[in-house]
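Listed below are the residues making up each chain.
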Amino acid sequence: MLRVKSLIRFQCVSKSWKSIIDDKIFRKVHHDRSKSLSSSKKSFLFATIDSVYEFRPFENPQVILVRQKFPLKRFQHVPTLGSCDGMVLLKSHLGYKSFALWNPYSNEYGIYECPYVKTYSCTTPHACGFCYDPYADDYKVILIYRSFYAVYSLIRNSWEKKSSVHVKELNVRSWDCSPGINTENRVFWSIEWKIHQLVGRNSKIIYFDVKSDELKELSKPNFIRENNQLYRLTSLKGCVGLFGGIISSKTFDVWIMEQHEWKLSLTITCIHYVLCGPFIKNCVILVDATNHDEIFFHIRTAESQYCAIYDLERHRFVNQINMFNNLRCYMVPIFSESLYFPKIERKRKRKRLS
């Protein structure tokens, strides 16, 4: 299958070639094919260095494949809050209700504002999510606020305000928007007195169900029963997972939920023999071992951030790559190349009869 970079070059060959590549059906077919063939060699790292976005291969994160800049200034210098099928979700620092969806390959984007938040209310959502709805062939953005949550349908170009008992448990004002874990066409978060990805004894795991557009609770595993345990939500082998353990331990466990049952996958010794607690708080899994024999970790420290690669055959960390000294970098994995960007259904206005 042709890479996106080649398709962009082929648009300059002739008008007929450009017309074919710009066709909505062609881009959708290429998009679906890219998703089905996505593997470790086609998985890319999306990083933000100041106002420049960079694509880097997981095999060698120090190599820059593509550099791209978001067209609008107000969405530069902002964190990436998630990705789905080659598109990324961005939040503006200047506006509390402004978000953007962007396909960095085709440079197509859309700006969306939540109508249920007042312009000068300074209300930051507690959490957000971005996922695909296979039942309606749609993409949805989820924003969770203190008293409600809002769901945006990209295809219908409409917002819906909804209530949930889980949202009412939030008792503090939010200053950070916590991204959810997108897997199995659902988005997962952990909630206690605020929403994040860390799971402890008093936490509750919730998820967004794309079929009903409801926030539901996922039963917490029995192995989390002590106050000195800490886990982090992640995506593993296409399923929701947890990694963590006893805070004072030098090892941590990796669990995967398969067929509605939590299964222990492996036990890993923390890199540099740091304790489990600090490691889990400052580490996320970027790529799991679905199509290869390595797990890629992204670790942030007080001074810098780096990638650590764990070899499943040798059962140890085999490589550590210092990525950036700039702590303003944000990383998010993109697993498929695509020129596709869903077109919004515009409602036609009826002409007034004279």
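Whatever comes next refers back to the structure up there.
Given the structure is predicted, the values throughout are model-derived calculations rather than measurements.

Chemist: Mind showing me how you'd approach the pattern of salt bridges here?
Modeler: Inspection of the entire model under this criterion finds eleven salt bridges. Across the salt bridge formed by Arg27 and Asp22, the nearest N and O atoms sit 2.8 Å from each other. When its relative accessible area of 31% is taken as the criterion, Asp22 is described as partly exposed. Residues Glu108 and Arg27 are paired through a salt bridge, measuring 3.1 Å at the closest nitrogen-oxygen approach. With Glu108 in strand E7 (residues 108–113) and Arg27 in helix H3 (residues 24–37), this pair connects stretches of sequence that are 81 residues apart. Each member of the salt-bridge network shares a partner with another, and the members are Lys18, Asp22, Arg27 and Glu108.

Chemist: What should I look at first to understand the packing of aromatic side chains in this one?
Modeler: Aromatic ring pairs are described here by two measures, namely the spacing of the ring centres and the angle between the planes. By the definition in use, this model includes 22 aromatic pairs. Between Tyr116 and Phe148 the ring centres are 6.4 Å apart and the planes differ by 85°, which places this aromatic pair in the edge-to-face class. Here Phe148 lies in the loop between strand E9 (138–144) and strand E10 (149–153) and Tyr116 lies in the loop between E7 and strand E8 (127–133), a separation of 32 residues in the sequence. On the basis of relative accessibility, which here comes to 30%, the residue Tyr116 falls in the partly exposed class.

Chemist: Where do I start with the environment of Gly129 in this structure?
Modeler: Looking at where Gly129 falls in the secondary structure, it is placed in strand E8. Under the relative-accessibility criterion, Gly129 is labelled buried at 3%. With 58 residues separating them in the primary sequence, Gly129 and Val187 have C-alpha atoms 6.2 Å apart. Setting aside its immediate chain neighbours within four residues, Gly129 contacts Leu89, Lys140, Val141, Ile142, Val187 and Trp189.

Chemist: Could you clarify how one ought to interpret empty space enclosed by the protein in this entry?
Modeler: Leftover empty space is mapped by rolling, across the atoms, a probe with the size of a water molecule. Summed over all chains, the structure comprises two cavities of 30 Å³ or more. When its volume is computed, the second largest cavity comes out at roughly 30 Å³. The wall of the second largest cavity is formed by Lys140, Val151, Tyr152, Ser153, Arg156, Ser158, Glu160 and Asp213. Counting residues per element, the ones that place at least two in the lining of the second largest cavity are E10 and strand E11 (158–162).

Rules used throughout
- Residues numbered from 1 in each chain as written.
- Predicted model: local features only at pLDDT ≥ 70, side-chain atom pairs only at ≥ 80, totals over all residues.
- Heavy atoms only, no water.
- Salt bridge = Lys/Arg side-chain N within 4 Å of Asp/Glu carboxyl O.
- Buried < 20%, exposed > 50% of the residue type's maximum accessible area, 1.4 Å probe, protein only.
- Helix = DSSP H or I, 4+ residues; strand = E, 2+ residues; numbered from the N terminus.
- Phe/Tyr/Trp six-rings, centres within 6.5 Å; stacked < 30°, edge-to-face > 60°.
- Contact = heavy atoms within 4.5 Å.
- 1 Å grid on protein atoms, 1.4 Å probe; cavity = no way out; pocket = protein on both sides within 12 Å on 5 of 7 lines; lining within 4 Å.
- Points joined across faces, edges and corners; volume = space filled by probe spheres on them.

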